[in-house]
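Coordinates in review
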Amino acid sequence: KDTVLSLVDLLRKDKSRKKLDFSVAHFEDVDSNSLSQLAKALPPNLEDLELSFEGCDQIGNPGLKALARKFPEELKRMQINLMGCTELSDEGIIALAKELKRLKKLQSFRLVCYMCPDLTANCFRALHENMPRSVQKCVVQMKGTLANQDCSSKRELCNAAGGHHRIL
C-alpha cells in the first residue's frame, strides 16, 4: 500500500519548527479551504513565518480569517504575500489585523496586497490600531487597491490610517 505524505500532517507533527517559508504562488487550486487546512497545521513554536499566495485568485476572506486565527503566538517575523488575491476585501484584512494584537513578540511585519482591487484605506486603520508595540519593522503594500498606497514604516502606517478618517 502506497502512503501519501500530507504536508499538513507533516507540519502538524513538527512541533519544534521555528521557521516556515512556504509559497503556493499562482497555484490555481489554492482556495480558502486550502488556507484553513494550512492554518490548522502551523507549528505552535514558529518564530518566522513567510507565506506567499500571490496570484491565488480563489482565496477569499474565510480562508484568511482561518489562517489569522491560528497565527502562533511565538511569531517574531511575519511576511504574507496576497498580491492578486482578487477575492479578498477589507473584511479579511481587518480580521487578520485583529489577530495581530495577540502576537506580543512580533518584531517584523510585512503584508503585500498589490492588485487586490476591493481593499480600502480601512485596512490601514485596522492594521495600525492592532499592530503590537513590539513591531519595529512594518511594511504594508497596497498599490493597485482602492487605497492605492504603500507604507514602509509604522509611522507611515499611522499617517495612512489617520489621513483617511481625520475629524475636520
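These figures come from a predicted structure and were not determined experimentally. (Residues numbered from 1 in each chain as written. Predicted model: local features only at pLDDT ≥ 70, side-chain atom pairs only at ≥ 80, totals over all residues. Heavy atoms only, no water.)

A closer look at the overall build of the protein
The number of helices and strands found in the protein is six helices and six strands. Put simply, the protein runs from its N terminus to its C terminus through helices and strands in the order α-β-α-β-α-β-α-β-α-β-β-α. Whereas a compact globule of 168 residues would reach a radius of gyration of roughly 15 Å, the protein reaches 16 Å, a difference of no more than 12%. When burial is assessed residue by residue, the protein has 47% of its 168 residues classed as buried. When contacts within the protein are restricted to residue pairs at least 6 apart in sequence, those whose partners lie at least 24 apart make up 79%. Looking at the protein as shown, the accessible area adds up to about 9000 Å², and 48% of this sits on carbon and sulfur atoms. Of note, the protein has its 26 positive side-chain charges centred 9 Å away from the centre of its 22 negative side-chain charges. (Helix = DSSP H or I, 4+ residues; strand = E, 2+ residues; numbered from the N terminus. Rg over C-alpha atoms; globule rule 2.2 N^0.38 Å. Buried < 20%, exposed > 50% of the residue type's maximum accessible area, 1.4 Å probe, protein only. Contact = heavy atoms within 4.5 Å. Areas by Shrake-Rupley, 256 points an atom, 1.4 Å probe, with all protein chains shown as cover. Lys, Arg positive; Asp, Glu negative; His and termini not counted. Charge placed at Lys NZ, Arg CZ, Asp CG, Glu CD.)

Here we look at the pairing of strand β4 (residues 108–112)
Residues in a regular strand point their side chains to alternate faces of the sheet. The element β4 is largely enclosed, with a buried count of four among its five residues. Looking at chain direction, strand β3 (residues 77–81) and β4 are connected through five bridges and run parallel. Within the sheet, the bridge partner assigned to Arg77 lies in β4 and is Ser108. On the question of chirality, the crossover connecting β3 to the parallel β4 by way of helix α4 (residues 90–100) is right-handed. As judged from the five bridges shared by β4 and strand β5 (residues 137–142), these two strands associate in the parallel manner. Paired with Phe109 across the bridge in β5 is Cys138. On the question of chirality, the crossover connecting β4 to the parallel β5 by way of helix α5 (residues 122–130) is right-handed. (Pairing = 2+ DSSP bridges. Right-handed = clockwise from strand over helix to strand, strands pointing away.)

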